Amino acid sequence: MILPGPSADGTSGSPGRRTAVNAGLLAGAALFALLVALLAALGAGLAARGTGELRIPGAGGTTALRVAALAALALQLGELAGARLARAGPVPRGWAFPAALTGAVASAAQIALLAAVSGLDVTTVYGTVEGRLLLAMANGFLLAAGCVAMNRPSWALAPLAVVVGAEALRAHPEPYTPVIGIALTVVHLTAASLWTGGLLYVLRTTWLRRADPAAARAVLARYARLAVWLFAALAATGTLSTVRRLPADVVLTTAYGRVLIAKLVLVAVVSALALTARHRLRHDRDAGPPARAELALLAVVVVLSAILTVVPDPHWLSVR
């Protein structure tokens with residue numbers, strides 16, 4: 001599932017060639033970031049086109065802020081897990097502190113946006129269920145940032161657990177059996193965050209240790225063992241949530257169904273890329289291209305997951 005050794009960046013050769021390759025990579029990354037931002041801004045509206053569902057006020061802004069919060073959670077949990085997998089040796093600079101602050105700002109900004117689109121004042125929004133949950137998320141991220149600032153990153157697990165729980169409560173649990181729905185979301189969100197954030201941290205670690213292929217390979221092997229369990233948890237909880245949440249008769253006629261199908265297709269592609277990278281790693285081949293593609297598509301999956309929490313619940317269009 002990961003980047004391998006020294007040649008993974010593809011920048012060997014003369015200084016001029018390396019500069020040209022790096023410039024091309026930066027341009028490609030910038031273009032990809034722009035496309036992801038456009039998907040976050042327009043995705044909910046495009047998915048709902050022709051479905052007859054009501055337009056969600058501020059859908060683009062809400063999606064973007066939820067993407068930021070989910071990415072912040074993934075970066076923090078991934079860094080905590082990745083640091084344990086890395087063990088001794090060079091490790092990348094931590095991103096947990098800025099990620100936590102970003103998550104806090106994104107959560108608080110959702111309260112302000114909710115007030116703006118609803119016509120209520122911020123104090124009133126604080127009194128709503130969603131307002132209280134978003135406030136809990138913002139405070140959880142701030143506490144996590146404080147733990148990192150005090151050089152006690154493992155203490156951040158408790159406030160991050162609050163963030164996960166609040167997001168699970170907020171993200172449309174099934175109304176008829178909410179406890180089961182919340183539990184499924186907690187496991188799914190945790191596994192997805194560890195997979196995405198952990199992969200990013202491990203890729204950064206193996207790049208730092210590229211001069212010692214054996215050390216880099218050991219980190220990859222430890223992550224691969226964890227990733228198998230994460231994928232199993234994601235597959236199980238995702239399947240159960242889909243069966244419980246999406247009526248079969250509206251799979252193609254609701255925004256939720258369309259976005260979910262797109263997400264499932266991407267997850268299948270990501271899984272294939274992960275298996276390809278792992279196969280290449282076992283045979284001492286360059287696993288860089290499929291690993292980087294896996295991480296890029298996981299970023300798109302995060303956006304689609306955020307869109308799923310914005311579009312309407314599909315049950316109201318079901319003929320059941």
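Residues numbered from 1 in each chain as written. Predicted model: local features only at pLDDT ≥ 70, side-chain atom pairs only at ≥ 80, totals over all residues. Heavy atoms only, no water.

Quick word on the layout of surface pockets
Moving on, step 1. Counted as a void, the second largest pocket has a volume near 860 Å³.
Moving on, step 2. Taken together, 35 residues form the lining of the second largest pocket, with His188, Leu189, Lys263, Ser305 and Leu308 sitting closest to its centre.
Moving on, step 3. Mapped onto the lining of the second largest pocket, the elements with two or more residues apiece are α2 (59-86), α7 (178-208), α8 (213-245), α9 (255-282) and α10 (288-308).
Moving on, step 4. A breakdown of the residues in the lining of the second largest pocket according to their chemical character gives 19 nonpolar, 12 polar and four charged. (1 Å grid on protein atoms, 1.4 Å probe; cavity = no way out; pocket = protein on both sides within 12 Å on 5 of 7 lines; lining within 4 Å. Points joined across faces, edges and corners; volume = space filled by probe spheres on them. Helix = DSSP H or I, 4+ residues; strand = E, 2+ residues; numbered from the N terminus. Nonpolar A, V, L, I, M, F, W, Y, C, P; charged D, E, K, R; others polar.)

As for the pattern of salt bridges
Moving on, step 1. Following the criterion strictly, the structure yields three salt bridges and no others.
Moving on, step 2. Of the charged contacts in the structure, one is a salt bridge between glutamate 130 and arginine 170, with a shortest N-O distance of 3.7 Å. Taken together, the residues span a long stretch of sequence, with glutamate 130 in helix α5 (residues 129-149) and arginine 170 in helix α6 (residues 157-170) at a distance of 40 residues.
Moving on, step 3. You can call glutamate 130 partly exposed: its relative accessible area is 27%. (Salt bridge = Lys/Arg side-chain N within 4 Å of Asp/Glu carboxyl O. Buried < 20%, exposed > 50% of the residue type's maximum accessible area, 1.4 Å probe, protein only.)

Overview of the nonpolar core
Moving on, step 1. Leu73, Phe141, Leu160, Trp195, Tyr223 and Ile307 are the most contacted members of the largest nonpolar core, which has 71 residues in total.
Moving on, step 2. Per-element accounting of this core gives the leading share, 11 residues, to α10. (Core = buried A, V, L, I, M, F, W, Y, C linked by side-chain atoms within 4.5 Å.)

A short note on the packing of α7 against α8
Moving on, step 1. Interhelical geometry of α7 versus α8 gives an angle of 155° and a closest axis separation of 8 Å. Taken as axis vectors, α7 and α8 run roughly antiparallel relative to one another. Of the two possible hands of crossing, α7 and α8 adopt the one that is left-handed.
Moving on, step 2. Along the lines of polarity and charge, the residues of the contact of α7 with α8 split into 18 nonpolar, eight polar and one charged. (Axes fitted to C-alpha atoms, helices over the stretch in contact; angles between N-to-C directions. Parallel < 35°, antiparallel > 145°, perpendicular 65-115°, else oblique. Left-handed = near helix turned anticlockwise from the far one by under 90°.)

Details of the packing of aromatic side chains
Moving on, step 1. For the structure on display, the rule yields one aromatic pair.
Moving on, step 2. Aromatic pair tryptophan 195 and phenylalanine 231: ring centres 6.1 Å apart, planes at 90°, arrangement edge-to-face. You can see tryptophan 195 sitting in helix α7 and its partner phenylalanine 231 sitting in helix α8, a full 36 residues away along the chain.
Moving on, step 3. The cationic tip of arginine 204 hangs over the ring face of tryptophan 95; the distance from NZ or CZ to the ring centre is 3.6 Å. (Phe/Tyr/Trp six-rings, centres within 6.5 Å; stacked < 30°, edge-to-face > 60°. Lys NZ or Arg CZ within 6 Å of the ring centre and 35° of its normal.)

Examining the confidence of the model for the protein
Moving on, step 1. Mean pLDDT for the protein: 84, with 89% of residues reaching 70 or above.
Moving on, step 2. Across residues 1-12, where pLDDT falls below 50, the model places 46 contacts with residues more than four positions away in sequence or in other chains. (pLDDT = per-residue confidence, 0-100. Contact = heavy atoms within 4.5 Å.)

Notes on α10
Moving on, step 1. End to end, α10 covers 30 Å across 21 residues, agreeing with the expected 30 Å (1.5 Å per residue, within 8%).
Moving on, step 2. Most of α10 is tucked away, with 15 of its 21 residues classed as buried. (Expected span 1.5 Å × (residues − 1).)

Details of the environment of threonine 196
Moving on, step 1. Relative to the helices and strands, threonine 196 is located in helix α7.
Moving on, step 2. Along the backbone, threonine 196 and alanine 227 are 31 residues apart, and their C-alpha atoms lie at a distance of 9.9 Å.
Moving on, step 3. Among all residues touching threonine 196, those that are not within four sequence positions of it are Ala74, Leu295 and Leu298.

Quick look at the side chain of threonine 205
Moving on, step 1. Its place among the elements puts threonine 205 in helix α7.
Moving on, step 2. Classification of threonine 205 as buried rests on a relative accessible area of 0%.
Moving on, step 3. A distance of 2.9 Å separates a polar atom in the side chain of threonine 205 from the backbone oxygen of tyrosine 201.
Moving on, step 4. Leave out the neighbours within four places in its chain, and threonine 205 touches Ala86, Pro90, Pro92 and Val219. (Polar contact = N/O pair within 3.5 Å; in protein donor to acceptor, adjacent residues only side chain to side chain.)

Regarding the packing of α2 against α7
Moving on, step 1. At a minimum axis distance of 6 Å, the contact between α2 and α7 shows a crossing angle of 60°. The orientation of α2 with respect to α7, classified from their angle, is oblique. Judged by the sense of rotation from one axis to the other, the crossing of α2 with α7 is right-handed. Every residue of α7 that contacts α2 at Leu70, Leu73, Ala74, Leu75, Leu77, Gly78, Glu79, Ala81, Gly82, Ala83, Leu85 and Ala86 is listed here: Leu189, Ser193, Leu194, Thr196, Gly197, Gly198, Leu200, Tyr201, Val202 and Thr205.
Moving on, step 2. Considering only residue class, the contact of α2 with α7 consists of 14 nonpolar, seven polar and one charged.

Points about α5
Two residues of an α-helix separated by three or four positions point the same way, owing to the 3.6 residues in each turn.
Moving on, step 1. A rise of 1.5 Å per residue sets the reference length of α5, with its 21 residues, at 30 Å; its end C-alpha atoms lie 30 Å apart and thus fit the reference within 8%.
Moving on, step 2. For α5, the complete set of buried residues consists of Gly131, Leu133, Leu134, Met137, Ala138, Gly140, Phe141, Ala144, Ala145 and Cys147.
Moving on, step 3. On the buried face of α5, the contacting elements are α2, α3 (96-118), α4 (122-126) and α6.

Quick notes on unusual backbone geometry
Moving on, step 1. The phi dihedral of arginine 87 falls on the positive side, at around 55°, and the residue is not glycine.
Moving on, step 2. Here arginine 87 is to be found in the loop between α2 and α3.
Moving on, step 3. Assessed through its relative accessible area of 59%, arginine 87 is described here as exposed.
Moving on, step 4. Even without being a glycine, asparagine 151 presents a positive backbone phi close to 65°.
Moving on, step 5. Residue placement: asparagine 151 occurs in the loop between α5 and α6.
Moving on, step 6. Exposure remark for asparagine 151: the relative accessible area of 58% places this residue in the exposed category.

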